[in-house]
Each structure stands twice: as structure tokens, then as C-alpha cells.
Amino acid sequence: PDPDDHREAFMDKFKTQKYENAFNESNWEEEFDKVPMFMKRAPEEIDPVTHPDLACLQSIIHNDDSPPEEQAKRLKNEGNDYFKEKNYKKAILSYTEGLKKNCVDSELNAVLYTNRAAAHFHLGNIRSALNDATAAKRLKPDHLKALLRGGQCCMVLRSYTDALRWCDEGLQVHPTDKSLQELRCKADKLKRAVDRDARKAKLKEKKERGERDALLAAIKDDMVDAGRAEMGLDGVLSQEATGARVYLDEQGALNWPVLFLYPEHRQTDFISAFNESSRFMDHLAVMFGQELPPWDTDQKYQPQNLQLYFEDEETEEMHQVDLQTPLLKALQHIRCSVKAGTPSFIVLVAGSPFCKQFLSGKKVHHLKYS
């Protein structure tokens, strides 16, 4: 019989009866999406019941009876498809399965490693990407994509010396490759900047160490002159408490941060740079001169009414300091301590009820300056 006759008979049948299971306007997109050739995205898990066509194709692709090289190529292509879809995790799985086939084609394995490095790189797994690029280069030393990827990984890791090494190795076999040339130029520029900053930081550290040593030597000399050679200097340069610390000025004099405490009113005053040769009265006369602090409502804190003390932390005994005494003389006293880099002194109004109450039961020593 003539095949054309059968075809015409088949087509004529639809003139009188409707074709069953045909696509219609409401479901044609859904039905098309079930056909592997027209699928927009493959399902995450392929169920043979719901997707028999896909399951069949998968079994053909992953036919374990085929040679390892053929299986590895298929898995490479599968990974590439996932990579194009930006499904980098699936791509990594496919490339990994391809490498597990242990085929003897070193060039194919190098491509699998390089492609997996690219997928890792896009996921931010930079160390894994670098490891794969290294493995690819070991198998194929002139593999351009592996050499470029290794350099890119080192750039992200800010290992510019290694990035230069990767680029140099690449340019030895691909001397005209613009991507390698540009990457090397960028790595060299950043390495120079890092080296420059490191030199600056080293010089700064050396300068600060020299200033610190000179400062400690000056403090030690002051204390030795007063017979306080045993004074601990570990916390003297601290600036945690106030944000300021002792420094040596151009004249070679020490300038200390000093804290005045007014326990009667729970107030404080902070002097960031109290020259060691300045007297306490010099500062108090300014602080309590014509304009008194707002908390001194009774106007008792007149310079002539004030008394200054420091407390012995070990014995809790009080030491009264003559207001004409320079700071250095007070610091040289064996019972005066410097806490967190800042000496502190208590200011009271002489003869006031609070002063008597505050000093009640405490032993008071008098430090006079002559």
C-alpha cells in the first residue's frame, strides 16, 4: 500500500473526530514544559514516575558501561550546562563526578579541575578554587584558563606575590595574552602599594618605639632621682582611661594627663597636659578663679580654701600635697601611684564639714614643698 494513502486517511479522520489528549490554550505551556526538549529548567530531583522521559535520558547519559573518558566528558558537558544556568553548586557536583571516573586523559581532567575552580570562584570558595586551579596546572602546565584563575584567586586573597608568580608562569607560555598582562599589571601595582605601606608602618613603629623608650627613660630618671627606682612603668603609658597619655615635649619636660576629683559634689576635672614643673596652684587658680564652676553653688571652692590629697592605695592613708608643690615632686613620692597612665588627686575645701567627714578615721600625711 502507498504510505501517502495511509497518511491521508489518518489526517481525514480528524475531520470527523477530535484528537484526544491534545494541548489546549489553557495547558499547552504546562504540557510543553514536561517535554525534555522544551523544558525551561530541569527539576532538582528526577522522578521516573513523573518524568519518565528525563529518567530515560539520564540513564543513557550516566551509562556506566561506557568508557570512563566518555562518562567524564558527558559529566563535563552536564556541568557546563549547569554553569551556564548559574547553578554553580550543581556544576561542582557534575565536575566532581567526572573527576571520580579517573580517566587517563590528563587534558580532560585539567578542564574538569579548571571548570570546577570557576564554579567555586563564583560561589566565593576562593581557597577551593585555587586548589583546583593548582591541580589543573599540575596536569597541564600551559592551561591558560587555569593559570588565569589561579592568579585571580590570589588577587582576591590579596596574595599579590603569588598572583605575580601565576601571571609570570602564564606569560612564559602565553606571552601575548592580554588578560594575563592586565592581571599582572594590577597585581604589581597593588604589591608595590602594600610594600610601601608596610615600610611606612615599620618606620612609624620604629619612631614610636624610640619615642616610647625616650619617654620611659625620662620618667625613670625622674623617679630614680627621687629614690623610686622600683616604680613600675607598665601602666604609665596607658591611655585607656582618658584617651590621653604622658608625653615628652620639645624642651624635654614630661606632660601628664591629670585627674582632679571633687568627692563632695561627685565632679571631676581633667587636664590633658600638666607639665611636670607646673605647680598645682597654677592650675587650680585658673580653674577656680573669676568664674567658678556651676556646681559650686556656695562658692566655697576658692583657691585659698582648697586642700589637695592623693590616696595610698595599699594603706588607704591620705597624703596632703602643698599647693605650691610642682607635679613632679608629688609623683616622686614613694606612695603616689599612677593608675591607667593618669595620676589623680582629691580636692577638698579646708575645714568644711564634708572635709572633716571624708578624712575622719584616716591617717593623713603632709607633703610640703620647700
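Above: the structure in question.
Residues numbered from 1 in each chain as written. Predicted model: local features only at pLDDT ≥ 70, side-chain atom pairs only at ≥ 80, totals over all residues. Heavy atoms only, no water.

Details of the overall build of the protein chain
Inference 1: A count of helices and strands for the protein chain gives 13 helices and 7 strands.
Inference 2: Each of the 370 residues in the protein chain was classed as buried or not, and the buried ones make up 36%. (Helix = DSSP H or I, 4+ residues; strand = E, 2+ residues; numbered from the N terminus. Buried < 20%, exposed > 50% of the residue type's maximum accessible area, 1.4 Å probe, protein only.)

Some details on the packing of aromatic side chains
Inference 1: Per the stated rule, a full pass over the model turns up 12 aromatic pairs.
Inference 2: For the ring pair Phe310 and Phe345, a centre distance of 6.4 Å and an interplane angle of 80° mean the geometry is edge-to-face. Of this pair, Phe310 sits in strand S4 (residues 306–311) while Phe345 is found in strand S6 (residues 344–349), placing the two residues 35 residues apart along the sequence. Both residues of the pair, Phe310 and Phe345, count as buried.
Inference 3: Each member of the aromatic cluster is reached from another via a ring pair, and the members are Phe260, Phe274, Phe280, Phe310 and Phe345.
Inference 4: The cationic tip of Arg149 hangs over the ring face of Phe121; the distance from NZ or CZ to the ring centre is 4.8 Å.
Inference 5: The ring of Phe358 is capped by Lys362, whose NZ or CZ atom sits 4.4 Å from the centre of that ring. (Phe/Tyr/Trp six-rings, centres within 6.5 Å; stacked < 30°, edge-to-face > 60°. Lys NZ or Arg CZ within 6 Å of the ring centre and 35° of its normal.)

Side note on the packing of helix H6 (residues 106–123) against helix H8 (residues 144–156)
Inference 1: In the contact formed by H6 and H8, the axes pass within 10 Å of each other and the chain directions differ by 25°. Taken together, H6 and H8 sit at an angle that is classed as roughly parallel. Note on packing geometry: the crossing formed by H6 with H8 is left-handed. For the pair H6 and H8, the contacting residues are Thr114, Ala117, Ala118 and Phe121 in the first and Lys145, Ala146, Arg149, Gln152, Cys153 and Val156 in the second.
Inference 2: The class makeup of the residues in the contact of H6 with H8 is 6 nonpolar, 2 polar and 2 charged. (Axes fitted to C-alpha atoms, helices over the stretch in contact; angles between N-to-C directions. Parallel < 35°, antiparallel > 145°, perpendicular 65-115°, else oblique. Left-handed = near helix turned anticlockwise from the far one by under 90°. Contact = heavy atoms within 4.5 Å. Nonpolar A, V, L, I, M, F, W, Y, C, P; charged D, E, K, R; others polar.)

Points about the pairing of S6
Inference 1: A large share of S6 lies buried, amounting to 5 of its 6 residues.
Inference 2: With 3 bridges joining them, strand S2 (residues 254–262) and S6 adopt parallel strand pairing. The residue of S6 that forms the bridge with Leu259 is Ser344.
Inference 3: Pairing geometry for S4 and S6, over 4 bridges, is antiparallel. Considered in S6, the bridge of Leu306 is made with Val349. (Pairing = 2+ DSSP bridges.)

As for helix H11 (residues 280–287)
Working note: α-helix, 3.6 residues per turn, so residues spaced by three or four point in the same direction.
Inference 1: Three or more residues of H11 are buried, namely Phe280, Met281, His283 and Leu284. Each buried residue of H11 lies within a common arc of 160° when the element is viewed along its axis, so the set occupies one face.
Inference 2: In this structure, the buried side of H11 is in contact with S2, strand S3 (267–275), S4, strand S5 (318–321), helix H12 (327–331) and S6. (Arc of directions from axis to C-beta.)

Structural notes on helix H5 (residues 88–100)
Inference 1: For H5, spanning 13 residues, the distance from its first C-alpha to its last is 18 Å, which sits close to the expected 18 Å at 1.5 Å a residue.
Inference 2: Buried residues of H5: Tyr88, Lys90, Ala91, Ile92, Ser94, Tyr95, Thr96, Gly98 and Leu99, and no others.
Inference 3: Elements that come into contact with the buried residues of H5 comprise helix H4 (68–84) and H6.
Inference 4: Asn102 sits one or two positions beyond H5 and adopts a positive phi of about 55°. (Expected span 1.5 Å × (residues − 1).)

Things to note about the pairing of S4
Inference 1: With 5 of its 6 residues buried, S4 lies for the most part within the structure.
Inference 2: Across 4 bridges, S4 lies against S5 in antiparallel orientation. Bridging from a neighbouring strand, Tyr309 pairs with Gln320 of S5.
Inference 3: In this antiparallel pair of consecutive strands, S4 and S5, the connection spans 6 residues, and Glu316 shows a positive phi of 60°.

Considering the pattern of salt bridges
Inference 1: The full count for this structure, using the stated rule, is 14 salt bridges.
Inference 2: Note that Arg184 and Asp168 form a salt bridge whose closest N and O atoms lie 2.5 Å from each other. Of this pair, Arg184 sits in helix H10 (residues 178–225) while Asp168 sits in helix H9 (residues 160–173), and the two are 16 residues apart along the sequence.
Inference 3: Judged by its relative accessible area of 28%, Arg184 falls in the partly exposed class.
Inference 4: Taking the relative accessible area as the measure of exposure, Asp168 reaches 30% and is therefore partly exposed. (Salt bridge = Lys/Arg side-chain N within 4 Å of Asp/Glu carboxyl O.)

Brief notes about the nonpolar core
Inference 1: In terms of nonpolar packing, the biggest core is built from 29 residues, with Phe260, Phe280 and Phe345 touching the most fellow members.
Inference 2: Of all the secondary structure elements, the ones that give two or more residues to this core are S2, S3, H11, S4, H12 and S6.
Inference 3: Among all residues touching Phe260, those that are not within four sequence positions of it are Gln267, Thr268, Asp269, Ile271, Phe274, Phe280, Leu284, Met287, Leu308, Phe345 and Val347.
Inference 4: Residues Cys153, Met155, Leu183 and Ala187 belong to the second largest nonpolar core, which totals 19 residues. (Core = buried A, V, L, I, M, F, W, Y, C linked by side-chain atoms within 4.5 Å.)

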